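Letter by letter, the chains look like this.
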Amino acid sequence: VDVITHVLFGVWLVLFLMYRYPAMTLLKIFIIVMAVGLSWELLEFAYDNLYALPNGINPAQHGSIDTLTDILNNALGVALAYFLRRKPAVVTPDL
């Protein structure tokens, strides 16, 4: 479920940004999605250390591999959405 959530988040945010700001470059979209994803991971880290672990609750993060996988899944969502949504190249037949 965690992988699907992060990939779908990336897809959703890319589609939103492409719809709302059609002139935005792929690089800007990528940077925004990665920044939001990283911010989410920092919030999970803070939650774990300030609330979950001191109170004996299962942590949201399960190590650095989990965090890295989440961030990479956000990037996968960017790639998936961009390639599904991009405008096809116009091919003109040679006469």
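As shown above, the structure is provided for reference.
Asker: Please explain the side chain of His6 as it appears in this structure.
Answerer: Inspection of the secondary structure assignment puts His6 in helix 1 (residues 2-20). When neighbours within four sequence positions are excluded, His6 is seen to be in contact with Trp40, Glu41, Asp70, Asn73 and Asn74.

Asker: It is not clear to me how helix 2 (residues 26-52) should be interpreted in this structure. Could you clarify?
Answerer: Because an α-helix completes one turn every 3.6 residues, residues spaced three or four positions apart along the sequence face the same direction. An ideal rise of 1.5 Å per residue puts 39 Å on 27 residues; helix 2 measures up with 37 Å between its terminal C-alpha atoms. Looking only at helix 2, the buried set comprises Ile29, Val33, Met34, Gly37, Glu41, Glu44, Asp48 and Ala52. Contacts from the buried residues of helix 2 go to helix 1 and helix 3 (64-85).

Asker: How should I be thinking about the side chain of Asp70 in this particular structure?
Answerer: Turning to its location among the elements, Asp70 is positioned in helix 3. Polar contacts involving the side chain of Asp70 include one to the side chain of His6, which spans 3.4 Å. If near-sequence neighbours (up to four positions away) are discounted, Asp70 is found in contact with Asp2, His6, Glu41 and Glu44.

Asker: Honestly, the packing of aromatic side chains in this entry has me stumped. Any pointers?
Answerer: Ring pairs (aromatic) are described by centroid distance and by the angle formed between their planes. As enumerated under the stated definition, the model contains three aromatic pairs in all. When the ring of Trp12 is compared with that of Phe16, the centres are 5.7 Å apart and the planes differ by 10 degrees; the resulting orientation is stacked. Here Phe16 and Trp12 lie together in helix 1, a separation of four residues that amounts to about one turn. By relative accessible area, which is 38% here, Phe16 ends up partly exposed. Between Tyr82 and Phe83, the aromatic rings sit 5.5 Å apart at their centres with planes inclined by 80 degrees, giving edge-to-face as the arrangement.

Calculation criteria
Within each chain, residue numbers correspond to sequence positions counted from 1 in written order. Predicted model: local features are reported for residues with pLDDT of at least 70 only, side-chain atom pairs are reported and counted for 80 or more only, and whole-chain, interface and lining totals are derived from all residues. As a convention, hydrogens and water are excluded, and side-chain values are obtained from all of the structure's heavy atoms. By definition, any uninterrupted DSSP run of H or I lasting at least four residues is a helix, any uninterrupted run of E lasting at least two residues is a strand, and each is numbered from the N terminus. Throughout, a contact is declared for two residues whenever any of their heavy atoms are within 4.5 Å. Each helix should span, by expectation, one fewer than its residue count multiplied by 1.5 Å. Three exposure classes are used, based on accessible area relative to the maximum for each residue type with a 1.4 Å probe and protein chains only: buried under 20%, partly exposed in between, and exposed over 50%. Definition of a polar contact: a pair of N or O atoms within 3.5 Å, with one able to donate and the other able to accept a hydrogen when the atoms are protein atoms, and with sequence-neighbouring residues admitted only if both atoms are side-chain atoms. The aromatic pairing rule takes the rings of Phe, Tyr and Trp, using the six-membered ring of Trp, and pairs them if the centres are within 6.5 Å, calling planes under 30 degrees apart stacked, those over 60 edge-to-face and the rest tilted.

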